[in-house]
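Below, each chain spelled out in residue letters.
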Amino acid sequence: MTPEQQLEHLVGDASEVHSREELLDRLKLGRPLRIKYGADPSAPDLHLGHSVPMMRLRRFQDMGHKVIFIIGDFTGRIGDPSGRSKTRPMLSSEDIERNAATFAEQAGKILDIDACEIRYNSEWLDNLGSRGLIELAARYTVARMLERDDFATRMRSETPISIVEFLYPLVQAYDSVAVEADVEVGGTDQLFNFLVGRDIMRAYGMAPQVAATWTLLVGTDGTEKMSKSLGNYVGIAEPPGEMFGKLMSIPDVVLPHYYALLTDVGFDGAEQIERQMQSGELHPMEAKKRLASTIVARYHDPDAARRAQEEFEAVFSKGELPSDMPEHRIRRSDLEDGRIWIVKLVADCGGASSNSEARRLIRQGGVRLNDQRIQDETANVEVNGGDVLQVGRRHFAKIVVE
RNA sequence: GGAGGGAUGCCCGAGCUGGCCAAUGGGAGCAGACUGUAAAUCUGCCGGCGAAUGCCUACGGGGGUUCGAAUCCUCCUCCCUCCA
(Lines give C-alpha, C1' and ligand atoms only; values in the text may rest on other atoms or scores of the structure.)
Protein backbone atom coordinates (compact mmCIF):
# COMPACT_ATOMS: atom_id res chain seq x y z
CA MET A 1 0.00 0.00 0.00
CA THR A 2 1.19 3.47 -0.77
CA PRO A 3 1.14 5.97 2.08
CA GLU A 4 -1.84 7.61 0.39
CA GLN A 5 -3.73 4.35 0.39
CA GLN A 6 -2.80 3.76 3.98
CA LEU A 7 -4.13 7.16 4.87
CA GLU A 8 -7.42 6.40 3.20
CA HIS A 9 -7.65 3.03 4.89
CA LEU A 10 -6.88 4.41 8.32
CA VAL A 11 -8.86 7.62 8.49
CA GLY A 12 -11.00 7.57 5.39
CA ASP A 13 -14.12 7.30 7.46
CA ALA A 14 -13.02 9.66 10.22
CA SER A 15 -15.15 12.63 10.94
CA GLU A 16 -12.21 14.98 11.50
CA VAL A 17 -8.47 14.66 11.12
CA HIS A 18 -6.03 17.41 12.05
CA SER A 19 -4.52 17.05 9.72
CA ARG A 20 -4.48 14.50 6.95
CA GLU A 21 -1.35 16.05 5.46
CA GLU A 22 0.48 15.66 8.72
CA LEU A 23 -0.60 12.08 9.06
CA LEU A 24 0.52 11.38 5.54
CA ASP A 25 3.93 12.79 6.34
CA ARG A 26 4.22 10.56 9.36
CA LEU A 27 3.17 7.52 7.41
CA LYS A 28 5.83 8.30 4.91
CA LEU A 29 8.43 7.99 7.64
CA GLY A 30 7.83 4.28 7.45
CA ARG A 31 8.27 3.71 11.18
CA PRO A 32 5.59 2.31 13.49
CA LEU A 33 3.56 5.23 14.76
CA ARG A 34 2.46 5.60 18.35
CA ILE A 35 -1.32 5.72 18.53
CA LYS A 36 -2.80 7.02 21.75
CA TYR A 37 -6.18 6.08 23.14
CA GLY A 38 -7.41 7.20 26.53
CA ALA A 39 -9.37 4.68 28.55
CA ASP A 40 -11.72 5.66 31.32
CA PRO A 41 -10.85 3.67 34.43
CA SER A 42 -14.21 4.35 36.04
CA ALA A 43 -16.27 2.57 33.40
CA PRO A 44 -14.62 -0.71 32.58
CA ASP A 45 -17.49 -2.18 30.64
CA LEU A 46 -17.06 -1.45 26.98
CA HIS A 47 -20.00 -1.00 24.70
CA LEU A 48 -20.44 -0.58 20.98
CA GLY A 49 -19.79 3.13 21.32
CA HIS A 50 -16.26 2.37 22.47
CA SER A 51 -15.88 -0.17 19.74
CA VAL A 52 -15.99 2.51 17.05
CA PRO A 53 -12.59 4.06 17.76
CA MET A 54 -11.24 0.68 18.80
CA MET A 55 -12.03 -0.88 15.47
CA ARG A 56 -10.09 1.97 13.94
CA LEU A 57 -7.23 1.35 16.31
CA ARG A 58 -7.20 -2.19 15.09
CA ARG A 59 -6.57 -0.94 11.58
CA PHE A 60 -3.54 0.95 12.79
CA GLN A 61 -2.42 -2.09 14.65
CA ASP A 62 -2.80 -4.32 11.62
CA MET A 63 -0.54 -2.01 9.72
CA GLY A 64 2.20 -2.38 12.27
CA HIS A 65 1.59 0.67 14.42
CA LYS A 66 1.72 0.70 18.19
CA VAL A 67 -1.46 1.24 20.14
CA ILE A 68 -1.00 2.85 23.52
CA PHE A 69 -3.81 2.65 26.02
CA ILE A 70 -3.68 5.22 28.71
CA ILE A 71 -5.50 4.28 31.84
CA GLY A 72 -6.36 7.52 33.57
CA ASP A 73 -5.73 6.30 37.05
CA PHE A 74 -4.31 9.60 38.23
CA THR A 75 -7.40 11.53 37.35
CA GLY A 76 -9.61 8.69 38.43
CA ARG A 77 -8.17 8.76 41.90
CA ILE A 78 -8.77 12.44 42.29
CA GLY A 79 -12.36 12.29 41.19
CA ASP A 80 -13.85 14.53 38.61
CA PRO A 81 -16.30 17.27 39.46
CA SER A 82 -17.34 17.50 35.82
CA GLY A 83 -20.90 17.70 34.86
CA ARG A 84 -23.43 19.37 36.98
CA SER A 85 -24.44 17.50 40.01
CA LYS A 86 -22.75 14.21 40.47
CA THR A 87 -19.16 14.20 41.47
CA ARG A 88 -17.48 11.24 39.98
CA PRO A 89 -16.57 8.84 42.70
CA MET A 90 -12.98 8.52 43.68
CA LEU A 91 -11.55 5.19 42.77
CA SER A 92 -9.23 3.14 44.88
CA SER A 93 -6.14 1.57 43.40
CA GLU A 94 -7.81 -1.81 43.58
CA ASP A 95 -10.82 -0.54 41.66
CA ILE A 96 -8.60 0.87 38.98
CA GLU A 97 -6.58 -2.30 38.80
CA ARG A 98 -9.70 -4.39 38.44
CA ASN A 99 -11.28 -2.05 35.91
CA ALA A 100 -8.13 -2.00 33.84
CA ALA A 101 -8.11 -5.78 33.75
CA THR A 102 -11.74 -5.88 32.64
CA PHE A 103 -11.01 -3.25 30.08
CA ALA A 104 -8.08 -5.18 28.66
CA GLU A 105 -10.09 -8.35 28.52
CA GLN A 106 -12.94 -6.72 26.65
CA ALA A 107 -10.73 -4.65 24.41
CA GLY A 108 -9.07 -7.92 23.50
CA LYS A 109 -12.18 -8.83 21.56
CA ILE A 110 -11.30 -6.10 19.12
CA LEU A 111 -7.58 -5.57 19.42
CA ASP A 112 -4.48 -7.66 19.80
CA ILE A 113 -4.09 -6.68 23.39
CA ASP A 114 -0.66 -8.25 23.78
CA ALA A 115 0.67 -5.95 21.12
CA CYS A 116 -0.63 -2.90 22.93
CA GLU A 117 1.25 -0.78 25.36
CA ILE A 118 -0.81 -0.18 28.48
CA ARG A 119 0.23 2.77 30.55
CA TYR A 120 -1.13 4.38 33.70
CA ASN A 121 -0.89 8.12 33.64
CA SER A 122 -0.02 8.30 37.32
CA GLU A 123 3.35 7.05 36.13
CA TRP A 124 4.28 10.54 35.00
CA LEU A 125 1.61 12.68 36.61
CA ASP A 126 2.51 11.65 40.15
CA ASN A 127 5.98 12.97 39.50
CA LEU A 128 4.92 16.14 37.82
CA GLY A 129 4.36 17.92 41.13
CA SER A 130 2.70 21.27 41.69
CA ARG A 131 5.56 23.00 40.01
CA GLY A 132 5.25 20.90 36.90
CA LEU A 133 1.50 21.32 36.93
CA ILE A 134 1.76 25.07 37.12
CA GLU A 135 4.30 25.09 34.32
CA LEU A 136 1.86 23.08 32.29
CA ALA A 137 -1.01 25.42 33.11
CA ALA A 138 1.09 28.40 32.12
CA ARG A 139 1.13 27.15 28.56
CA TYR A 140 -2.56 27.58 27.92
CA THR A 141 -5.02 30.40 28.28
CA VAL A 142 -8.43 30.72 29.84
CA ALA A 143 -9.84 32.24 26.70
CA ARG A 144 -8.83 29.21 24.68
CA MET A 145 -10.21 26.92 27.32
CA LEU A 146 -13.54 28.70 27.16
CA GLU A 147 -13.71 28.02 23.47
CA ARG A 148 -14.75 24.53 24.32
CA ASP A 149 -18.40 24.22 23.55
CA ASP A 150 -19.18 22.45 26.78
CA PHE A 151 -17.63 25.21 28.87
CA ALA A 152 -19.21 27.94 26.82
CA THR A 153 -22.61 26.36 27.28
CA ARG A 154 -22.16 25.99 30.96
CA MET A 155 -21.00 29.53 31.38
CA ARG A 156 -24.12 30.65 29.63
CA SER A 157 -26.42 28.44 31.63
CA GLU A 158 -24.71 29.41 34.88
CA THR A 159 -23.64 25.89 35.62
CA PRO A 160 -20.52 25.66 37.74
CA ILE A 161 -17.20 24.80 36.19
CA SER A 162 -14.48 23.84 38.57
CA ILE A 163 -10.87 24.77 38.02
CA VAL A 164 -10.04 21.09 37.93
CA GLU A 165 -12.04 20.81 34.78
CA PHE A 166 -9.68 23.23 33.14
CA LEU A 167 -6.86 21.06 34.30
CA TYR A 168 -8.26 17.92 32.74
CA PRO A 169 -7.64 18.79 29.12
CA LEU A 170 -4.17 19.96 30.09
CA VAL A 171 -3.34 16.81 31.93
CA GLN A 172 -4.70 14.72 29.11
CA ALA A 173 -2.59 16.76 26.74
CA TYR A 174 0.42 16.12 28.90
CA ASP A 175 -0.22 12.40 28.52
CA SER A 176 0.46 12.88 24.84
CA VAL A 177 3.75 14.51 25.67
CA ALA A 178 4.66 11.70 28.03
CA VAL A 179 3.95 8.88 25.61
CA GLU A 180 5.18 10.78 22.58
CA ALA A 181 2.00 10.20 20.67
CA ASP A 182 1.98 10.48 16.91
CA VAL A 183 -1.75 10.16 16.64
CA GLU A 184 -4.61 10.28 19.10
CA VAL A 185 -7.92 8.70 18.24
CA GLY A 186 -11.33 8.93 19.86
CA GLY A 187 -14.87 10.21 19.49
CA THR A 188 -15.73 13.65 18.19
CA ASP A 189 -16.46 14.77 21.73
CA GLN A 190 -12.74 14.50 22.39
CA LEU A 191 -11.67 16.83 19.63
CA PHE A 192 -11.07 19.78 21.89
CA ASN A 193 -8.87 17.79 24.21
CA PHE A 194 -6.91 16.35 21.34
CA LEU A 195 -6.30 19.80 19.96
CA VAL A 196 -5.10 21.02 23.33
CA GLY A 197 -2.77 18.04 23.13
CA ARG A 198 -1.35 19.40 19.91
CA ASP A 199 -0.75 22.82 21.40
CA ILE A 200 0.82 21.46 24.52
CA MET A 201 3.09 19.13 22.60
CA ARG A 202 4.26 22.06 20.55
CA ALA A 203 4.82 24.04 23.74
CA TYR A 204 7.05 21.24 24.97
CA GLY A 205 9.01 21.32 21.76
CA MET A 206 7.51 18.23 20.21
CA ALA A 207 5.87 17.64 16.89
CA PRO A 208 2.12 17.86 17.54
CA GLN A 209 0.13 14.67 17.41
CA VAL A 210 -2.40 14.10 14.69
CA ALA A 211 -5.93 14.24 16.08
CA ALA A 212 -8.41 11.85 14.50
CA THR A 213 -12.00 11.61 15.64
CA TRP A 214 -14.96 9.51 14.63
CA THR A 215 -18.63 10.21 14.92
CA LEU A 216 -20.15 9.13 18.17
CA LEU A 217 -22.43 6.16 17.95
CA VAL A 218 -25.99 6.92 18.96
CA GLY A 219 -27.57 4.65 21.51
CA THR A 220 -30.37 2.19 21.06
CA ASP A 221 -32.85 5.01 21.67
CA GLY A 222 -31.70 6.50 18.39
CA THR A 223 -31.10 10.00 19.74
CA GLU A 224 -28.61 10.29 22.57
CA LYS A 225 -25.05 9.14 22.26
CA MET A 226 -24.51 5.64 23.47
CA SER A 227 -23.58 5.61 27.10
CA LYS A 228 -23.89 3.41 30.07
CA SER A 229 -25.47 6.04 32.25
CA LEU A 230 -28.24 6.66 29.76
CA GLY A 231 -28.92 2.95 29.61
CA ASN A 232 -29.03 2.97 25.83
CA TYR A 233 -25.97 0.85 25.25
CA VAL A 234 -25.09 -2.57 23.96
CA GLY A 235 -22.19 -4.00 25.93
CA ILE A 236 -19.64 -5.97 23.99
CA ALA A 237 -19.52 -8.56 26.75
CA GLU A 238 -23.27 -9.09 26.83
CA PRO A 239 -24.76 -12.49 26.07
CA PRO A 240 -25.76 -13.06 22.44
CA GLY A 241 -29.49 -12.93 23.07
CA GLU A 242 -29.30 -9.59 24.87
CA MET A 243 -27.09 -8.14 22.21
CA PHE A 244 -29.33 -9.30 19.45
CA GLY A 245 -32.48 -8.06 21.13
CA LYS A 246 -31.06 -4.65 21.91
CA LEU A 247 -29.85 -4.20 18.36
CA MET A 248 -33.28 -5.14 17.03
CA SER A 249 -34.82 -2.40 19.11
CA ILE A 250 -32.95 0.47 17.50
CA PRO A 251 -35.04 2.77 15.33
CA ASP A 252 -34.81 2.09 11.59
CA VAL A 253 -33.45 5.52 10.81
CA VAL A 254 -30.19 4.85 12.60
CA LEU A 255 -29.53 1.60 10.77
CA PRO A 256 -27.25 3.15 8.14
CA HIS A 257 -25.39 4.92 10.91
CA TYR A 258 -24.83 1.62 12.70
CA TYR A 259 -23.78 -0.10 9.53
CA ALA A 260 -21.29 2.59 8.70
CA LEU A 261 -19.67 2.69 12.09
CA LEU A 262 -19.86 -0.89 13.24
CA THR A 263 -19.48 -3.09 10.20
CA ASP A 264 -17.02 -3.41 7.36
CA VAL A 265 -19.40 -2.16 4.69
CA GLY A 266 -18.24 1.41 5.15
CA PHE A 267 -20.12 4.57 4.40
CA ASP A 268 -20.76 3.56 0.82
CA GLY A 269 -22.19 0.23 1.84
CA ALA A 270 -24.34 1.91 4.45
CA GLU A 271 -25.70 4.31 1.89
CA GLN A 272 -26.53 1.44 -0.39
CA ILE A 273 -28.44 -0.28 2.37
CA GLU A 274 -30.32 2.92 3.02
CA ARG A 275 -31.30 3.15 -0.63
CA GLN A 276 -32.41 -0.45 -0.71
CA MET A 277 -34.59 0.11 2.31
CA GLN A 278 -36.14 3.18 0.79
CA SER A 279 -36.87 1.43 -2.45
CA GLY A 280 -38.44 -1.46 -0.61
CA GLU A 281 -35.83 -3.84 -1.89
CA LEU A 282 -34.64 -4.57 1.61
CA HIS A 283 -36.98 -4.83 4.57
CA PRO A 284 -35.65 -2.80 7.48
CA MET A 285 -36.20 -5.71 9.78
CA GLU A 286 -34.09 -7.88 7.53
CA ALA A 287 -31.35 -5.27 7.49
CA LYS A 288 -31.54 -5.09 11.24
CA LYS A 289 -31.33 -8.80 11.70
CA ARG A 290 -28.27 -8.87 9.51
CA LEU A 291 -26.68 -6.12 11.51
CA ALA A 292 -27.46 -7.76 14.82
CA SER A 293 -26.20 -11.05 13.58
CA THR A 294 -22.95 -9.58 12.26
CA ILE A 295 -22.25 -7.93 15.56
CA VAL A 296 -23.13 -10.92 17.69
CA ALA A 297 -20.92 -13.04 15.48
CA ARG A 298 -18.03 -10.70 16.04
CA TYR A 299 -18.22 -10.65 19.81
CA HIS A 300 -19.30 -14.24 20.18
CA ASP A 301 -19.35 -16.50 17.13
CA PRO A 302 -21.48 -17.15 14.05
CA ASP A 303 -23.18 -20.05 15.71
CA ALA A 304 -24.26 -17.94 18.67
CA ALA A 305 -25.52 -15.33 16.23
CA ARG A 306 -27.64 -17.89 14.44
CA ARG A 307 -29.11 -19.18 17.68
CA ALA A 308 -29.80 -15.67 18.92
CA GLN A 309 -31.70 -14.92 15.77
CA GLU A 310 -33.73 -18.10 15.96
CA GLU A 311 -34.58 -17.44 19.55
CA PHE A 312 -35.56 -13.89 18.76
CA GLU A 313 -37.83 -14.97 15.96
CA ALA A 314 -39.41 -17.66 18.09
CA VAL A 315 -40.11 -15.48 21.08
CA PHE A 316 -41.01 -12.20 19.48
CA SER A 317 -42.26 -12.99 16.02
CA LYS A 318 -44.08 -16.19 16.86
CA GLY A 319 -44.82 -15.46 20.47
CA GLU A 320 -43.34 -18.65 21.75
CA LEU A 321 -41.76 -19.02 25.13
CA PRO A 322 -38.04 -18.49 25.39
CA SER A 323 -36.09 -21.71 25.42
CA ASP A 324 -34.26 -20.62 28.49
CA MET A 325 -36.02 -18.86 31.33
CA PRO A 326 -34.76 -17.90 34.74
CA GLU A 327 -36.30 -20.01 37.45
CA HIS A 328 -38.23 -18.55 40.31
CA ARG A 329 -38.35 -20.75 43.37
CA ILE A 330 -41.25 -20.71 45.73
CA ARG A 331 -41.35 -22.57 48.98
CA ARG A 332 -44.38 -24.75 49.40
CA SER A 333 -44.79 -23.26 52.85
CA ASP A 334 -45.36 -19.84 51.31
CA LEU A 335 -48.42 -21.12 49.55
CA GLU A 336 -51.87 -21.28 50.99
CA ASP A 337 -53.89 -24.07 49.47
CA GLY A 338 -51.43 -23.99 46.60
CA ARG A 339 -52.14 -20.33 46.06
CA ILE A 340 -50.15 -17.14 46.28
CA TRP A 341 -51.01 -13.46 46.05
CA ILE A 342 -50.26 -12.37 42.51
CA VAL A 343 -48.65 -9.10 43.59
CA LYS A 344 -46.20 -10.94 45.78
CA LEU A 345 -45.42 -13.37 43.03
CA VAL A 346 -44.63 -10.63 40.53
CA ALA A 347 -42.54 -8.64 42.98
CA ASP A 348 -40.63 -11.65 44.26
CA CYS A 349 -39.65 -12.95 40.88
CA GLY A 350 -38.04 -9.66 40.04
CA GLY A 351 -40.74 -8.49 37.66
CA ALA A 352 -41.29 -5.41 39.77
CA SER A 353 -39.17 -3.54 42.27
CA SER A 354 -42.00 -2.97 44.72
CA ASN A 355 -45.47 -4.19 45.42
CA SER A 356 -46.86 -0.94 44.15
CA GLU A 357 -45.13 -1.39 40.86
CA ALA A 358 -46.37 -4.94 40.65
CA ARG A 359 -49.91 -3.71 41.22
CA ARG A 360 -49.55 -1.20 38.43
CA LEU A 361 -48.30 -3.79 36.03
CA ILE A 362 -51.15 -6.09 36.91
CA ARG A 363 -53.78 -3.39 36.60
CA GLN A 364 -52.43 -2.41 33.22
CA GLY A 365 -52.56 -5.90 31.90
CA GLY A 366 -48.87 -6.55 31.79
CA VAL A 367 -48.90 -9.76 33.76
CA ARG A 368 -49.64 -13.24 32.50
CA LEU A 369 -49.51 -16.59 34.20
CA ASN A 370 -49.40 -19.46 31.76
CA ASP A 371 -50.46 -17.06 29.03
CA GLN A 372 -53.52 -16.11 31.04
CA ARG A 373 -53.69 -12.38 31.64
CA ILE A 374 -54.28 -11.49 35.27
CA GLN A 375 -55.64 -8.06 35.98
CA ASP A 376 -57.07 -8.47 39.44
CA GLU A 377 -54.41 -7.28 41.82
CA THR A 378 -56.08 -8.96 44.74
CA ALA A 379 -56.10 -12.36 43.13
CA ASN A 380 -54.59 -15.33 44.82
CA VAL A 381 -53.45 -17.53 42.02
CA GLU A 382 -52.84 -21.20 42.01
CA VAL A 383 -49.29 -22.04 41.09
CA ASN A 384 -47.68 -25.30 40.20
CA GLY A 385 -44.14 -26.16 39.29
CA GLY A 386 -43.49 -25.43 35.65
CA ASP A 387 -45.91 -22.54 35.44
CA VAL A 388 -44.64 -19.59 33.45
CA LEU A 389 -45.02 -16.05 34.65
CA GLN A 390 -44.62 -13.26 32.13
CA VAL A 391 -44.29 -9.64 33.14
CA GLY A 392 -44.29 -7.16 30.32
CA ARG A 393 -42.99 -8.27 26.98
CA ARG A 394 -39.67 -9.64 27.85
CA HIS A 395 -39.58 -10.69 31.42
CA PHE A 396 -40.23 -14.39 31.85
CA ALA A 397 -39.85 -16.70 34.83
CA LYS A 398 -40.41 -20.37 35.24
CA ILE A 399 -41.88 -21.24 38.60
CA VAL A 400 -40.42 -24.01 40.66
CA VAL A 401 -42.20 -25.09 43.79
CA GLU A 402 -40.02 -26.69 46.39
C1' G B 1 -14.98 41.22 51.21
C1' G B 2 -19.92 43.62 49.52
C1' A B 3 -24.90 43.22 47.07
C1' G B 4 -28.53 40.14 45.11
C1' G B 5 -30.66 35.33 43.51
C1' G B 6 -31.33 30.09 44.23
C1' A B 7 -31.65 24.71 46.37
C1' U B 8 -38.60 20.86 44.92
C1' G B 9 -39.77 13.77 43.18
C1' C B 10 -34.86 9.97 37.96
C1' C B 11 -33.91 14.90 35.12
C1' C B 12 -35.89 19.84 33.88
C1' G B 13 -39.19 22.82 36.18
C1' A B 14 -44.16 25.16 38.62
C1' G B 15 -45.91 26.09 43.48
C1' C B 16 -43.68 29.57 47.84
C1' U B 17 -50.16 36.09 49.67
C1' G B 18 -49.77 28.74 55.03
C1' G B 19 -54.54 23.86 54.78
C1' C B 20 -57.95 21.85 48.43
C1' C B 21 -49.92 19.28 47.79
C1' A B 22 -47.60 12.88 47.04
C1' A B 23 -47.12 18.28 45.08
C1' U B 24 -49.14 21.67 37.87
C1' G B 25 -46.34 20.80 33.32
C1' G B 26 -42.47 18.60 30.17
C1' G B 27 -38.72 14.79 29.42
C1' A B 28 -37.10 9.97 30.64
C1' G B 29 -39.08 5.29 32.16
C1' C B 30 -42.91 1.39 32.44
C1' A B 31 -47.56 -1.12 30.75
C1' G B 32 -51.48 -1.62 27.08
C1' A B 33 -53.28 -0.88 21.79
C1' C B 34 -51.16 -0.73 16.85
C1' U B 35 -46.65 -3.22 14.78
C1' G B 36 -41.56 -5.66 12.39
C1' U B 37 -40.08 -6.38 20.60
C1' A B 38 -38.56 -0.71 15.52
C1' A B 39 -40.03 4.39 15.07
C1' A B 40 -44.33 7.50 15.10
C1' U B 41 -49.18 7.65 17.30
C1' C B 42 -53.01 6.79 21.00
C1' U B 43 -54.35 5.27 26.22
C1' G B 44 -52.91 4.55 31.13
C1' C B 45 -49.28 4.43 35.06
C1' C B 46 -45.24 6.76 37.11
C1' G B 47 -42.73 7.38 46.37
C1' G B 48 -43.84 3.13 49.66
C1' C B 49 -47.29 -0.18 52.50
C1' G B 50 -52.32 -1.62 52.19
C1' A B 51 -58.51 -4.95 50.26
C1' A B 52 -59.37 0.25 51.80
C1' U B 53 -62.37 5.51 53.23
C1' G B 54 -56.33 4.68 55.31
C1' C B 55 -51.26 5.09 56.88
C1' C B 56 -45.93 6.19 56.33
C1' U B 57 -41.95 8.84 53.90
C1' A B 58 -40.87 13.27 50.83
C1' C B 59 -39.96 19.58 48.70
C1' G B 60 -30.99 21.01 50.74
C1' G B 61 -29.94 20.12 56.61
C1' G B 62 -31.17 21.51 61.86
C1' G B 63 -34.36 24.29 65.07
C1' G B 64 -38.91 27.23 65.62
C1' U B 65 -43.98 29.64 64.85
C1' U B 66 -48.87 27.34 63.96
C1' C B 67 -54.46 23.25 65.14
C1' G B 68 -51.74 22.72 60.33
C1' A B 69 -45.59 24.43 56.40
C1' A B 70 -42.67 22.84 50.18
C1' U B 71 -44.95 27.50 51.51
C1' C B 72 -43.63 31.97 57.45
C1' C B 73 -39.10 32.84 61.05
C1' U B 74 -34.06 31.38 62.34
C1' C B 75 -29.30 29.08 61.99
C1' C B 76 -26.28 26.01 58.84
C1' U B 77 -24.51 23.80 54.15
C1' C B 78 -24.04 24.17 49.01
C1' C B 79 -24.67 26.76 44.24
C1' C B 80 -25.18 31.06 40.83
C1' U B 81 -24.75 36.33 39.22
C1' C B 82 -22.76 41.21 39.72
C1' C B 83 -19.16 44.52 42.13
C1' A B 84 -14.11 44.37 44.34
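So, here is what we can say about the structure in this document. What you see is a predicted model, and the numbers here were worked out from it, not measured in a lab. (Residues numbered from 1 in each chain as written. Chains lettered and ligands numbered in written order. Predicted model: local features only at pLDDT ≥ 70, side-chain atom pairs only at ≥ 80, totals over all residues. Heavy atoms only, no water.)

**Quick look at helix 12 (residues 255-262)**
Of all the eight residues making up helix 12, seven are buried; the element is thus mostly covered by neighbouring parts of the structure. Where helix 12 is concerned, the buried positions are Leu255, Pro256, Tyr258, Tyr259, Ala260, Leu261 and Leu262. Elements in contact with the buried residues of helix 12: helix 3 (48-62), helix 11 (240-248), helix 13 (266-279) and helix 14 (284-299). (Buried < 20%, exposed > 50% of the residue type's maximum accessible area, 1.4 Å probe, protein only. Helix = DSSP H or I, 4+ residues; strand = E, 2+ residues; numbered from the N terminus. Contact = heavy atoms within 4.5 Å.)

**Things to note about the protein's contact with RNA strand B**
Of all residues adjacent to RNA strand B, which total 28 residues, the nearest are Gly245, Asp252, Phe312, Ser356 and Arg360. What you see for RNA strand B is that sugar and phosphate hold 69% of its atoms within 4 Å of the protein. Residue Gly245 places a main-chain N or O atom 3.1 Å away from a base oxygen belonging to RNA strand B. Between RNA strand B and the protein, one listed contact pairs a base nitrogen with a side-chain N or O atom of Gln364 at 2.7 Å. (Near = heavy atom within 4 Å. Polar contact = N/O pair within 3.5 Å; in protein donor to acceptor, adjacent residues only side chain to side chain.)

**Some remarks on the nonpolar core**
Among the nonpolar cores identified, the biggest contains 64 residues, and Val11, Leu48, Met54, Phe69 and Tyr258 are the most heavily contacted of them. For this core, the domains that each give at least three residues are domain 1 (3-214) and domain 2 (240-317). What Phe69 contacts, discounting residues up to four positions off in sequence, is Tyr37, Met54, Leu57, Phe103, Ala107, Leu111, Ile113, Cys116, Glu117, Ile118 and Arg119. Within the second largest apolar cluster, 23 residues are counted, among which are Ile330, Val343, Ala358 and Ile399. (Core = buried A, V, L, I, M, F, W, Y, C linked by side-chain atoms within 4.5 Å. Domains from an automatic or database assignment.)

**Quick word on the sheet that holds strand 9 (residues 367-369)**
Sheets are built from strands paired through backbone hydrogen bonds, the pairs being either parallel or antiparallel. Reading across from one edge, 7-13-12-9-10 is the order of the five strands in this open sheet, with mixed pairing throughout. Each of the sheet's edge strands pairs with one partner strand only, and the pair in question is strand 7 (327-330) and strand 10 (372-373). Direction of pairing for strand 12 (residues 388-391) relative to strand 13 (residues 395-401): antiparallel, over a ladder of four bridges. When the sheet's bridge partners are listed, Val391 is paired in strand 13 with His395. (Pairing = 2+ DSSP bridges.)

**As for the packing of aromatic side chains**
In the structure shown here, the tally under the stated rule is five aromatic pairs. Both rings, one in Tyr37 and one in Phe69, keep their centres 5.8 Å apart while their planes meet at 85°; by these two values the pair is edge-to-face. In this pair, Tyr37 sits in strand 2 (residues 34-39) while Phe69 sits in strand 3 (residues 66-71), placing the two residues 32 residues apart along the sequence. Its relative accessible area of 0% is what places Phe69 among the buried residues. Ring geometry for Phe244 and Phe312: centres 5.5 Å apart, planes at 55°, overall tilted. Taken together, the residues span a long stretch of sequence, with Phe244 in helix 11 and Phe312 in helix 15 (residues 302-317) at a distance of 68 residues. Take Phe244 and Phe312: they sit in the same class, and that class is buried. Site record: aromatic cluster; members linked through ring pairs are Tyr37, Phe69 and Phe103. Cation over ring: Arg139 sits above Tyr204, and NZ or CZ is 4.3 Å from the ring centre. Between the NZ or CZ atom of Lys246 and the centre of the ring of Tyr233, over which it lies, the distance is 4.5 Å. (Phe/Tyr/Trp six-rings, centres within 6.5 Å; stacked < 30°, edge-to-face > 60°. Lys NZ or Arg CZ within 6 Å of the ring centre and 35° of its normal.)

**Brief notes about the sheet that holds strand 3**
Strand order in the open sheet formed by six strands is 1-6-5-2-3-4, with mixed pairing between adjacent strands. Looking at the sheet topology across the chains shown, the edges are occupied by strand 1 (16-18) and strand 4 (117-120). Each neighbouring strand pair of the sheet contributes to a mean axis angle of 20°, computed without reference to strand direction. Alignment of strand 5 (residues 183-187) against strand 6 (residues 210-214), held across five bridges, turns out to be parallel. Across the sheet, Gly187 pairs through a bridge with Trp214, a residue of strand 6. Across the sheet, helix 6 (residues 122-137) touches strand 3 and strand 4, and the angle it forms with strand 4 is around 30°. (Axes fitted to C-alpha atoms, helices over the stretch in contact; angles between N-to-C directions.)

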